Structures are given as C-alpha cells and as structure tokens.
Amino acid sequence: MIYICDPSLLVLIARNIKQTHSFAVESQVIGPPQPVLSLVGDDVILPCHLEPAMDAVAMTVEWTRPDLKPRFIHVWRDGPDRLIDHHQSYKRRTSLFVDKLRKGDVSLKLSNVRLSDEGKYRCYIPSLDKEAIIDLVVGKLTYPHCVCVFFSFFFFFSSGVVLECESKGWYPEPELFWLDAEGKLLSAGAPETVRGPDGLYTVSSRVTVEKSHSNSFTCRVQQSKIQQTRETQLHLHADCSCSAEHIVIGFAVVFLCVCVTFFVYKWRQNKLGKSQIYFPSKGCDVNLLSQLFDVYIDMWTPGHKLRS
C-alpha cells in the first residue's frame with residue numbers, strides 16, 4: 001500500500017481526475033429520443049446540444065442529411081455560417097441560435113417546412129468527433145367535408161340516410177372513422193384512399209344511418225404518426241333537410257321524368273305497331289310480298305318518294 005503525504009500532490013491528482021471526467025462528459029452530443037413532428041408550412045426546431053453545456057461559438061457545427069447530395073444543410077465554422085456546397089432546397093431556410101451557442105445549444109431552425117424535408121438529420125461536432133441523429137416527420141392535413149348523398153327532396157320519404165365524408169391533402173396516409181352523437185364508432189365500409197401525383201392522400205367513406213333522436217354524426221380523420229386529428233359534425237335536420245322550394249323542384253323533376261318515360265313508351269309502341277307485316281299462311285306470292293315491302297320502305301324512309 002502506497003501513502004501520499006504531500007497535499008499539493010493530492011490536489012494535482014484530483015484536478016487531473018476531474019479534468020479527465022469533464023472531458024469525457026463534454027464530448028457528448030445529445031439529440032431528442034423521439035422523432036420531431038412538423039406540419040407543412042410551419043417552422044420547426046431540430047434540437048441538438050452539448051452535455052454538459054459548453055461554449056460552442058468557436059467550434060464547427062455541421063448539419064447534414066446523409067441521403068442527399070450535397071449532404072450539407074447548414075455549417076457553422078468560427079462565427080459566420082458557411083453556405084458553400086449547401087443543398088439548394090434548404091437555401092435561406094436554416095439558421096442556428098447564435099445567442100445560445102455559448103450555452104452549448106447547436107439546434108437547427110428550419111423554416112417553411114416542406115414534405116421533401118422529411119428524413120434523418122445529422123448534427124456533428126468535428127472537434128469532439130461526436131454526432132446525434134434527429135428524425136424529422138412531416139405531415140399535411142385538411143378538415144373533412146361531409147354531405148348527404150341524395151337529393152334533399154327524398155329526405156322525408158326514407159328511413160335511412162347515406163352520408164359521405166371526404167378529406168383531401170393528407171400526408172402520411174390517414175384513417176377515417178364515423179361516430180354517433182355519443183362518440184361511439186359506427187359500422188361503415190373500409191374507407192377509400194387515393195394518392196395523387198403530388199404525394200398527398202385523399203380519403204373518403206360512406207355510411208348509412210337511421211334517422212334517430214339525435215341525428216348528429218361526426219366524421220373524424222386522424223394520423224397517429226404526426227399526432228393530428230381533424231373532424232367535422234353533420235346534423236341531419238340542419239344539413240340534410242329540404243325547404244318548400246326544394247319540395248316543389250323535386251315534384252317537378254319526378255313529374256317530368258314520368259312524362260318523358262310515358263312519351264318514349266308510347267312512341268316505341270306506335271313504331272313497333274306500324275312495322276309489323278302479316279304474311280298469309282297459304283297462297284303466299286313471294287314477288288307480291290317483295291313489292292309490298294319495297295313500297296313500305298319507301299313510305300318510311302326520309303327523302304324517298306313512292307315508286308310508281
């Protein structure tokens with residue numbers, strides 16, 4: 001066993017141990033444990049900091065996206081931002097918080113987020129040879145639109161009502177649910193989802209409901225990945241009822257349809273009746289029938305005259 005009696009030597013050893021421990025701790029670059037969420041058009045902060053806090057003003061800070069060429073998004077080196085060899089899609093949309101660099105905060109601010117910004121970002125400090133990976137998830141959404149799928153004239157004559165809900169411009173792909181007035185899920189068919197050329201999703205669904213006491217239903221569209229939900233309520237009596245004007249128009253349409261159908265039926269019956277040719281069962285003169293048939297054709301062909 002070795003005994004050290006010199007106090008100054010003890011202080012020196014303790015200081016070296018402290019510096020070694022401090023250096024090991026200072027070399028950590030910390031990012032968020034969960035993905036960062038943002039909506040299209042918003043500004044978002046990609047968190048990254050040194051732990052424990054230390055002055056990063058004189059350090060080089062590199063923000064990159066490994067899947068892009070060039071991969072550099074933003075570079076801070078000895079003061080001013082370096083914009084050489086940056087990816088053009090991020091031009092004038094990135095910045096660091098200069099006043100927070102002294103506290104070890106090297107977070108990146110990304111403005112006017114686009115769908116193409118989604119991906120993994122690398123926060124790298126070359127002097128420490130340490131990095132952190134930040135996953136950015138970008139979403140886009142709209143409010144759903146609900147309608148009653150029938151002419152309002154028929155509202156009072158049916159026990160069931162067909163409701164349709166549609167929501168356009170979502171990313172990532174959303175889910176759609178129908179709820180009654182008590183918030184319970186309604187039994188509906190699988191929603192139809194279509195992805196457009198812009199990469200955005202349109203989701204729609206129809207459900208048949210009975211006219212109940214509440215007459216209130218909700219269409220809810222949600223995306224769990226971006227933790228966003230949008231919904232619209234529909235009230236049958238307010239949104240699907242019809243006025244006296246609608247009733248008059250409805251009766252007029254039905255009456256017109258009946259008249260057109262009757263006219264077409266009578267015209268076809270009349271035409272079929274005139275086109276019938278009866279042949280005697282016996283003593284049929286083929287030449288005579290041929291002449292009669294030619295005369296009949298001339299009578300009913302536009303622009304033709306009777307043969308003499």
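Quick caveat, the model's predicted, so the values are computed rather than measured.

**Q** Break down the overall build of the chain for me, with residues and values.
**A** A tally of helices and strands in the chain yields 5 helices and 18 strands. Taking all 308 residues of the chain together, the buried fraction comes to 31%. Carbon together with sulfur atoms contributes 58% to the accessible area of the chain, which is approximately 20,500 Å² in total.

**Q** Lay out the environment of Ser167 with the relevant residues and their values.
**A** Summarising the element assignment, Ser167 is placed in strand S13 (residues 160-170). The class of Ser167 is buried, set by a relative accessible area of 0%. Distance in space between the C-alpha atoms of Ser167 and Cys146 is 8.9 Å, their sequence separation being 21 residues. Leave out the neighbours within four places in its chain, and Ser167 touches Thr142, Tyr143, Pro144, Tyr201, Thr202, Val203 and Val221. At 2.7 Å, the side chain of Ser167 forms a polar contact with the side chain of Trp170.

**Q** Residues and numbers for the side chain of Arg65, please.
**A** With respect to the secondary-structure elements, Arg65 resides in the loop between strand S5 (60-64) and strand S6 (72-77). At 2.7 Å, the side chain of Arg65 and the side chain of Asp67 are in polar contact. Arg65 has contacts with Arg71, Ile73, Tyr90, Ser116, Asp117, Glu118, Gly119, Lys120 and Tyr121, leaving out every residue within four places of it along the chain.

**Q** Hey, could you go over a nonpolar patch on the surface for me, with residue numbers and the actual values?
**A** Residues Leu256, Val260, Phe263, Val264 and Trp267 make up a contiguous nonpolar surface patch of about 530 Å² in total accessible area. The residue Leu256 is located in helix H4 (residues 244-274) in this model. Classification of Leu256 by relative accessible area gives exposed; the value is 54%.

**Q** Tell me about the state of the cysteines, and please be specific about residues and values.
**A** One pass over the full model with this rule turns up 2 disulfides. The disulfide partner of Cys48 is Cys123, and the gap between their sulfur atoms is 2.4 Å. Its S-S torsion of about -85° marks the bond between Cys48 and Cys123 as left-handed, since a negative value means left-handed. Of the two residues, Cys48 sits in the loop between strand S3 (44-46) and strand S4 (49-51) while Cys123 sits in strand S10 (residues 119-125), which places them 75 residues apart along the sequence. For the pair Cys48 and Cys123, one class covers both residues: buried. Note on cysteine connectivity: Cys165 is disulfide-linked to Cys219, with sulfurs 1.9 Å apart. Handedness of the Cys165-Cys219 disulfide follows from its S-S torsion of about -80°: it is left-handed. Here Cys165, found in strand S13, pairs with Cys219, found in strand S17 (residues 216-223); they are 54 residues apart in sequence, far enough to count as distant.

Cut-off values and rules
Residues numbered from 1 in each chain as written. Predicted model: local features only at pLDDT ≥ 70, side-chain atom pairs only at ≥ 80, totals over all residues. Heavy atoms only, no water. Helix = DSSP H or I, 4+ residues; strand = E, 2+ residues; numbered from the N terminus. Buried < 20%, exposed > 50% of the residue type's maximum accessible area, 1.4 Å probe, protein only. Areas by Shrake-Rupley, 256 points an atom, 1.4 Å probe, with all protein chains shown as cover. Contact = heavy atoms within 4.5 Å. Polar contact = N/O pair within 3.5 Å; in protein donor to acceptor, adjacent residues only side chain to side chain. Patch = residues over 30% accessible without salt bridge, like charges linked within 9 Å, V, L, I, M, F, W, Y side chains within 5 Å. Salt bridge = Lys/Arg side-chain N within 4 Å of Asp/Glu carboxyl O. Disulfide = S-S within 2.5 Å.

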